[in-house]
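# Per-entry structural report
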Amino acid sequence: MSEAEQTDLEFLRAAIAEARAAESAGEVPVGAILVRTVESGSEIIGRGQNRVLRDQDPTAHAEIVALRQAARYVENYRLVPGCTLYVTLEPCAMCAGAILHARVARLVYGALDPKAGACGSVLSVMNHPQLNHTVEVSCGLLGRECGSMLTEFFRGRRASQGPSLDS
């Protein structure tokens, strides 16, 4: 395994830890880590976990939370150069748009989102030919682990609600 692949694994595992923390707080388990690469190495400049229920904010997705924290850290809404966003689930259209506006250089995500993914699963917001910014996208790293975390969360939620009237 290359050093770059090892680094990606390390930071995606940190995003998984954020997702677990979200789950512990009753949120859908999605986590994000924003990393800036500088001459001396890589540093985490933003962490996020789903907070839509806790904050009563429909925009408080893990990616948005991490982007907001990183923008405050660098004192600029544009995060170039050299930022990578690691997220456990394929970003939705809102998050993909925010990633583009922030000028994130690279996106690494684990699980595909067949219901709302905007990086190729349902929509292709990322790297649309008419947009003026492109993001290097890598998907599927730890995809099974990230996907099963979500599957188990929703399975548990359905089980706790009991049988539905539709069944």
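How each quantity is defined
Residues numbered from 1 in each chain as written. Predicted model: local features only at pLDDT ≥ 70, side-chain atom pairs only at ≥ 80, totals over all residues. Heavy atoms only, no water. Helix = DSSP H or I, 4+ residues; strand = E, 2+ residues; numbered from the N terminus. Buried < 20%, exposed > 50% of the residue type's maximum accessible area, 1.4 Å probe, protein only. Pairing = 2+ DSSP bridges. Axes fitted to C-alpha atoms, helices over the stretch in contact; angles between N-to-C directions. Salt bridge = Lys/Arg side-chain N within 4 Å of Asp/Glu carboxyl O.

## Notes on unusual backbone geometry
- Despite not being glycine, glutamine 56 shows a phi value in the positive range, around 50°.
- Its location among the elements puts glutamine 56 in the loop between α2 (52-55) and α3 (62-74).
- Taking relative accessible area as the criterion, glutamine 56 reaches 74% and is therefore assigned exposed.
- Look at asparagine 127: it is not a glycine, yet its phi comes out positive at around 65°.
- Within the secondary structure, asparagine 127 sits in the loop between β4 (106-111) and β5 (136-139).

## Considerations on the sheet that holds β4
- Reading across from one edge, β2-β1-β3-β4-β5 is the order of the 5 strands in this open sheet, with mixed pairing throughout. Only two strands of the sheet have a single partner each, and these edge strands are β2 (41-49) and β5. Averaged over neighbouring strand pairs, the angle between their axes works out to 20° when direction is ignored.
- Bridge count between strand β1 (residues 31-38) and β2: 8 bridges; the pairing is antiparallel. Considered in β2, the bridge of arginine 36 is made with glutamate 43.

## Observations concerning the pattern of salt bridges
- Taken as a whole and judged by the stated rule, the model has 10 salt bridges.
- For arginine 20, the salt bridge identified is with glutamate 23, shortest N-O distance 3.5 Å. A residue pair is termed a helical-turn pair when its members lie 3 or 4 positions apart in one helix, as arginine 20 and glutamate 23 do in helix α1 (residues 3-24) at 3 residues.
- A residue is classified by how much of its surface remains accessible, and arginine 20, at 39% relative accessible area, is partly exposed.
- Note on glutamate 23: relative accessible area 27%, which makes it partly exposed.
- Note that glutamate 152 and arginine 155 form a salt bridge whose closest N and O atoms lie 2.6 Å from each other.

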